[in-house]
Amino acid sequence: MEFPNPGRAPYSAQDRELIATRHVHRARAHFARRRDYRPTPVHAIPGLAGTRTAHLKDESTRLGIGSFKALGGGYAVHRLAQRHPDGPPFVCASAGNHGLSVAAAAAEAGVPCVVHLSDDVPEPFARRLRALGADVRRAGPDYDTAMATAQQAAREHGWRLVADSSWDGYTEIPLDVMRGYGVLLDELADTCEPPTHVFVQAGVGGLAAATAAYVRDRWGEAPRIVVVEPHGAPCLLESARAGRPVRVTGSPTTLGRLDCHEPSLLAHRLLTRLADLYMTVTDEQASGAAHLLARHGIALSGCGAAGAAGLLALSPSARDTLALDQVSRVFLVGTEGPVEPM
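Starting from 1, residues in each chain are numbered consecutively following that chain's sequence as written. Residue-level local features of this predicted model are given only where pLDDT is at least 70; pairs of side-chain atoms are given and counted only at 80 or more, and the full residue set underlies all totals for whole chains, interfaces and linings. Here the side-chain values reflect all heavy atoms present in the structure, with hydrogen atoms and water set aside.

Chemist: Please provide a residue-by-residue account of the packing of aromatic side chains, values included.
Modeler: Side-chain rings of Phe, Tyr and Trp, where Trp is taken by its six-membered ring, are said to pair if the distance between their centres is within 6.5 Å; with planes under 30 degrees apart they count as stacked, over 60 as edge-to-face, and otherwise as tilted. Going through the model one piece at a time under the given rule, you end up with 5 aromatic pairs. Look at Tyr-214 and Trp-219: their rings are 6.0 Å apart centre to centre, the planes differ by 70°, and that puts the pair in the edge-to-face class. The class for Tyr-214 is buried, based on a relative accessible area of 1%. With a centroid separation of 5.8 Å and 80° between ring planes, the pair formed by Trp-219 and Phe-331 is classed as edge-to-face. Note that Trp-219 is positioned in helix H8 (residues 206–219) and Phe-331 in strand E11 (residues 329–334), a separation of 112 residues in sequence. Residues Trp-219 and Phe-331 agree in their burial class; the two are buried. By the ring-pair criterion, three or more aromatic residues cluster together here, those being Tyr-214, Trp-219 and Phe-331. Think of it in three bands: with a 1.4 Å probe and only protein chains considered, a residue is buried below 20% of the maximum accessible area for its type, exposed above 50%, and partly exposed in between. Numbering of helices and strands runs from the N terminus; a helix is a DSSP stretch of H or I covering at least four residues, while a strand is a stretch of E covering at least two.

Chemist: Please give an account of the nonpolar core that cites residues and values.
Modeler: In terms of nonpolar packing, the biggest core is built from 89 residues, with Phe-90, Leu-117, Leu-129, Val-162, Val-227, Leu-271 and Tyr-278 touching the most fellow members. Element by element, the count of residues in this core is highest for helix H7 (residues 172–191), at 10 residues. In this structure, Ile-45, Leu-300, Ala-309 and Val-330 belong to the second largest nonpolar core, which totals 25 residues. Remark: nonpolar core denotes a set of buried residues (Ala, Val, Leu, Ile, Met, Phe, Trp, Tyr, Cys) joined through side-chain atoms within 4.5 Å.

Chemist: Tell me what's going on with the pattern of salt bridges, and back it up with residues and numbers.
Modeler: When the charged atoms of two side chains lie near each other, side chains of opposite charge can form a pair. Criterion for a salt bridge: a side-chain nitrogen of Lys or Arg within 4 Å of a carboxyl oxygen of Asp or Glu. With the rule as written, the count across this model stands at 28 salt bridges. Note that Arg-34 and Glu-108 form a salt bridge whose closest N and O atoms lie 3.7 Å from each other. Of this pair, Arg-34 sits in the loop between helix H2 (21–32) and strand E2 (42–46) while Glu-108 sits in helix H4 (residues 98–109); the two residues are 74 residues apart in sequence, bridging distant segments of the chain. Glu-108 gets classed as exposed once you look at its relative accessible area, which sits at 53%.

Note that every value here comes from positions in space, so none of it alone points to a role or purpose.
And the structure:
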């Protein structure tokens, strides 16, 4: 499924106040002070899907967590601890690597952290969190229940909620999460020519929106930005179609970290202006892209390869609309390694 964005509009001064390269540079300066900080590798794949070159940013080794999520939650916790070093504990819900990022940064700041997990999150993940000093609590059958429990705990105890989504009345912390994600784009920009096209996968949309804002602020309106979602969870596509954030029912998908049924409010607002095309990929297309990338020596999960799957699955008519051809330079993000750390 493909949906050209009807609300496409230029990057604005208001966008720049929210999230721009200057915010990303501040986040990168924070990470650069860490001993374990290293820019993650960039793989060049000439001729991928009929393009000149696709450059893939491989986040599978990021800060010992193995996912781009290490940048977002970690930076948001740093900013909160910087403003209020003696503040109350941090709390979050997690079904993936966000919890590890929050817990690691909380430990670094010397502040307690509580992570709520749904019952279907495997125990080895809970053990990794406990090893970082987090207080891990089980919170019902699914991620939505865990998030609701984390929000309730924040209200009842005055704890600081660190979520990677946003909603009315809760935008400041998720904005810092998105600014942290922008660090990977800044690293990528150091090594490559400006892109003509960017394909980026989305769950609630934080990474996609951070990518779109960075690209527009640094390279203007020319690069074409494509948001790729699972066929079973197209919350950003359907929100763009409706002209407002909507919750989708969805259908089963193996792309767990992208299986999100309601978009981040901030991400929706940015992407409905800055993205050129929304599209969905099937589980099989994402798995096929991961296998193809493995033949190029790049080990990713289906979620990690979903942006590449969008490039590979693009229809001929969409290729024409986007002017994607043999001279195109494409940016992709490999968001996580092949192990599926729920």
